[in-house]
Amino acid sequence: MLSFWEKDEFLNYDHIVIGAGIVGLSTAISIKESTPKARVLVLERGTFPTGASTKNAGFACFGSLTEILSDLKLMPESEVFNLVKLRWEGLQLLRARVGDKALDYQNLGGYELMRSPDMTAFEEMQKVNELLLPLFKEPVYHDRTSVLDKLGFDSSKIEGLVFNPFEAQLHSGKMMKSLAALATGLGVEIFTGTSVSQFDEGPDGIEVQTDSGISFKARKLAICTNAFSKRLLPEVDLAPGRGVVLVTKPIANLKFKGTFHYDEGYYYFRNYQDRILFGGGRNLDVKGEETTEFAVRDLLINKLKLDLKEMILPNQKFEIDHVWSGIMAFGPNKQPILENYSENVHVGIRLGGMGVAIGSKMGFELAQRMLR
Ligand SMILES: Cc1cc2nc3c(=O)[nH]c(=O)nc-3n(C[C@H](O)[C@H](O)[C@H](O)COP(=O)(O)OP(=O)(O)OC[C@H]3O[C@@H](n4cnc5c(N)ncnc54)[C@H](O)[C@@H]3O)c2cc1C
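Residues numbered from 1 in each chain as written. Predicted model: local features only at pLDDT ≥ 70, side-chain atom pairs only at ≥ 80, totals over all residues.

Right, let's get into the pairing of strand β4 (residues 110-114). Taking burial as the measure, the five residues of β4 include five buried ones, the bulk of the element. Here β4 shows a buried face lined by G110, E112 and M114 and a second buried face lined by Y111 and L113. (Buried ≥ 20, exposed ≤ 12 C-beta atoms within 10 Å, placed from the backbone. Helix = DSSP H or I, 4+ residues; strand = E, 2+ residues; numbered from the N terminus.)

This next bit is on the site of the ligand. Around the ligand sit 45 residues in total, of which G19, G21, G51, G243 and G355 are the nearest. When contributions to the shell around the ligand are tallied by element, the ones reaching two or more residues are α2 (22-34), β12 (239-248), β16 (320-330) and α9 (355-371). Tallying contributions element by element places α9 first for the shell around the ligand, with four residues. Here the shell around the ligand is built from residues that sort into 22 nonpolar, 19 polar and four charged. Shared between two domains, the shell around the ligand takes at least three residues from each, and those domains are domain 1 (4-54 + 174-237 + 334-371) and domain 2 (106-168 + 238-330). (Near = placed C-beta within 6 Å. Nonpolar A, V, L, I, M, F, W, Y, C, P; charged D, E, K, R; others polar. Domains from an automatic or database assignment.)

It is worth spelling out the domain arrangement of the protein chain at this point. Each assigned domain of the protein chain is listed here: domain 1 (4-54 + 174-237 + 334-371) and domain 2 (106-168 + 238-330). In this structure, domain 1 and domain 2 have C-alpha centres spaced 32 Å apart. Taken together, the 15 residues of domain 1 in the interface contact nine residues of domain 2. Across the side of domain 1 that touches domain 2, the residue classes tally to seven nonpolar, six polar and two charged. (Contact = placed C-beta atoms within 7 Å.)

Taken in spatial order, the eight strands line up as β5-β6-β4-β13-β14-β15-β12-β16 in an open sheet, and their pairing is mixed. Edge strands, defined here as strands with exactly one partner in the open sheet, are β5 (142-143) and β16. The strands touched by helix α8 (residues 298-312) within the sheet are β12, β14 (267-272), β15 (275-280) and β16, with β12 carrying the most contacts at an inclination of about 45°. (Pairing = 2+ DSSP bridges. Axes fitted to C-alpha atoms, helices over the stretch in contact; angles between N-to-C directions.)

Okay, the environment of F191 next. Relative to the elements of secondary structure, F191 occurs in strand β8 (residues 189-191). For the pair F191 and V42, spaced 149 residues apart in sequence, the C-alpha separation works out to 6.3 Å. Setting aside its immediate chain neighbours within four residues, F191 contacts L41 and L43.

Next up on the list: the packing of helix α4 (residues 77-98) against helix α6 (residues 125-136). Where α4 meets α6, the closest approach of the two axes is 10 Å, and the angle between their N-to-C directions is 40°. With respect to each other, α4 and α6 are oriented oblique. For the crossing formed where α4 meets α6, the hand is right-handed. Along its contact with α4, which presents E77, F81, V84, K85 and W88, the element α6 presents L131, L132 and L135. Per-class residue counts for the contact of α4 with α6 are six nonpolar, no polar and two charged. (Parallel < 35°, antiparallel > 145°, perpendicular 65-115°, else oblique. Left-handed = near helix turned anticlockwise from the far one by under 90°.)

Formed by 99 residues in total, the largest nonpolar core has its most connected members in I16 and L179. With residues up to four places along the chain from it excluded, the contact list for L179 reads I22, L25, S26, I29 and V98. (Core = buried A, V, L, I, M, F, W, Y, C linked by C-beta atoms within 7 Å.)

Checked against the element boundaries, L148 lands in the loop between β5 and β6 (160-164). L148 sits 137 residues away from L11 along the chain, and the two C-alpha atoms are 58 Å apart. Setting aside residues no more than four positions away along its own chain, L148 makes contact with F153, S155, I158 and L161.

The subject of this paragraph is the pairing of strand β2 (residues 40-43). In β2, alternate side chains face the same way, and those of V40 and V42 on one face and L41 and L43 on the other are all buried. Relative to β2, strand β1 (residues 12-18) is paired through four bridges, and the arrangement is parallel. Across the sheet, residue I16 finds its bridge partner in β2, namely L41. Regarding topology, α2 serves as the crossover connection from β1 to the parallel β2, and that connection is right-handed. Bridging between β2 and β8 involves three bridges; their strand directions are parallel. Of the residues in β8, the one forming a bridge with L43 is F191. (Right-handed = clockwise from strand over helix to strand, strands pointing away.)

It is worth spelling out the packing of α4 against α9 at this point. Orientation of α4 relative to α9, taken along the N-to-C sense of each, is 85°, at an axis distance of 6 Å. The pairing of α4 with α9 is recorded here as roughly perpendicular in orientation. Contact residues: α4 offers L86, R87, E89, G90, L91, L93, L94 and R97, while α9 offers A357, I358, G359, S360, K361 and F364. For the contact of α4 with α9, the residue count by class is seven nonpolar, three polar and four charged.

Below you can see the structure in the form of structure tokens.
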């Protein structure tokens, strides 16, 4: 039973945002930056954000060479360019907002390991560099096969190396904590442990109902629930996709630093201090990993361990410290969904494997729609 005080102070807002991932928090921050007096509430079902934003690998990336070539097969050049632009601008907004120190942002560069079927990508590298030139003002992808031997990988399995000096890495936990602190500092209210069950639009606003039985009211609503959106939007064209990550214990004399990708981005590893953080393998069973359940299957983790042992650290001892999973969202191509569900309800979802980059810009765009 609610008190008069609770009814008076806790239930009514100008804007409600569902989901406290990077998109939800960025939306709330952008609203407050434009209209400091607006009453903004974020509702999050987890004790802290519990989807992808706190569970990812922390690559500050916008696409490897083979990923961009694969996107060019599905989308026109202008769309691919605009998507890279969204990611790059999203990263710059995140950095400007949070600061590199707070993000533990380290511009150590990114590399793509080219195996035999990937080698033809070198022939198209210049074309991709020309496509991205208006954004980066210099070539993004460089052939660094000459330094491959120094990195300690099994050279019989990798034939080429592409370097991208613009790619970086960050600490996802620090990123999300900083965004939450920024939001609350601006006056955003965040209620965690609050799962939204449905919303109804009426003549005097939107009623947002929660599993606890408490309903909130707002003039405008943003849905930022990414992979979990079907509960609120059953018709939405989106499939969840689980990603698995492991981290090793510290490794003595680790020979490389930076972010690394292979197999069109399906596998990704990086250093975190002197550990390796390694994720991927979803392509081994895309259908089986199309789930919102957090779990780690042997099929995937065993493949990651095998690639670590045979290809990435062939002559080094390592121990696995921890494994986990997170859930992202996929559609027919890599375009996220940014749309108006109605005049007062807006949706920013379907973020796949590069949401750290896109998230801040998505939130900004969503906020502009909320403020119209
Ligand atoms: C394993 C893994 C590795 C990744 N690596 C990278 C990487 O290195 N670089 C990169 O750029 N991207 C990476 N990503 C992708 C990136 O993390 C996501 O694209 C991004 O975090 C999506 O943010 P979001 O805010 O849209 O979704 P989420 O972070 O999933 O946030 C949605 C939030 O909504 C909440 N929610 C859901 N339903 C409800 C409800 N009914 N009521 C209330 N709250 C609800 C959830 O609890 C969740 O906190 C990775 C993802 C995974 C899973």
